[in-house]
Amino acid sequence: GRIIPYNHNGEDGLLFSTYLEGPKPEGKYDLSFPQKDTSLFGKILFFNLETKEPIIFSKGHGNIQGLYVEDNLILSTEHGPRGGDEINKIIFNKNYGWPIASYGEKYSSYNSKTYYKKNHHTYGFEEPIFAYVPSIGISEIIKLPNEFSETFQNNFIITSLAQRHLHRVKFDKSFDK
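Residues numbered from 1 in each chain as written. Predicted model: local features only at pLDDT ≥ 70, side-chain atom pairs only at ≥ 80, totals over all residues. Heavy atoms only, no water.

Peer 1: Break down empty space enclosed by the protein for me, citing the residues and quoting the values.
Peer 2: On inspection of all chains with the given rule, the structure shows one cavity of 30 Å³ or more. The computed volume of the largest cavity comes to approximately 60 Å³. Contributing to the lining of the largest cavity are Glu78, His79, Gly80, Pro81, Gly84, Glu86, Tyr96, Trp98, Ala101 and Ser102. (1 Å grid on protein atoms, 1.4 Å probe; cavity = no way out; pocket = protein on both sides within 12 Å on 5 of 7 lines; lining within 4 Å. Points joined across faces, edges and corners; volume = space filled by probe spheres on them.)

Peer 1: A description of the packing of aromatic side chains should follow, citing residues and the corresponding values.
Peer 2: In the structure shown here, the tally under the stated rule is eleven aromatic pairs. Aromatic side chains Phe148 and Phe152 sit 6.4 Å apart centroid to centroid with 15° between the ring planes, which places their arrangement in the stacked category. Judged by its relative accessible area of 57%, Phe148 falls in the exposed class. In this structure an aromatic cluster arises from ring pairing among Tyr6, Phe46, Phe57 and Phe92. Against the face of Phe33 rests Lys36, its NZ or CZ located 5.1 Å from the ring centre. For the cation-ring pair, Lys106 lies above Tyr116, with the distance from its terminal atom to the ring centre recorded as 4.8 Å. (Phe/Tyr/Trp six-rings, centres within 6.5 Å; stacked < 30°, edge-to-face > 60°. Buried < 20%, exposed > 50% of the residue type's maximum accessible area, 1.4 Å probe, protein only. Lys NZ or Arg CZ within 6 Å of the ring centre and 35° of its normal.)

Below, the structure is given as C-alpha cells:
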C-alpha cells in the first residue's frame, strides 16, 4: 500500500491504502472485506493526525500500488485480477467495486462459475479512468516534473512490474480519461 500526507476538510492527516484481505479464518480466502463498512481492509483511509482516528475515505479497492495527491486530486494505481489493472480518480465516499466489478477475469483458483461485472457505473461503482487489459503489473504513479521536457508537460509516469516498463500517461483536464 501507500501512505501520503493529505488535508481533508481542513484537518491534517494521512491517506493510506490497505490490502484487500483481512484475517483468514481457517485459512480460507475472504474477499468481501473491501465492501464491508465494518472493515478497514480494501480501503483508502484518512487518518486524522489530531484525533488519531481513521475514517473510510473510499472503499472497494483490491491491491493499491500507487497513490498520488496534488491539492484535491487523488489518483491511485491498483492491481486487478487477470487483466484489469486500474488507474482511479479517488473521490471521498465513493465505491470502486472490488471484488464485484473489474475488467479483468478470475484466476483459476477462484470459483470459475462467477464473473466480475464489467460495467462499474451500472452497479453504482466508480469507473476507472483507465483499465489495462491485459494487466501490466501496475505499480507506482508519479507526476513528471514539467522541467523534464517541453514535450512532456503535465505527464505522469506509471511503472510496470510485469513488463518492467515505464508508461507515460497524459490525462484530460478533469482527469476523467
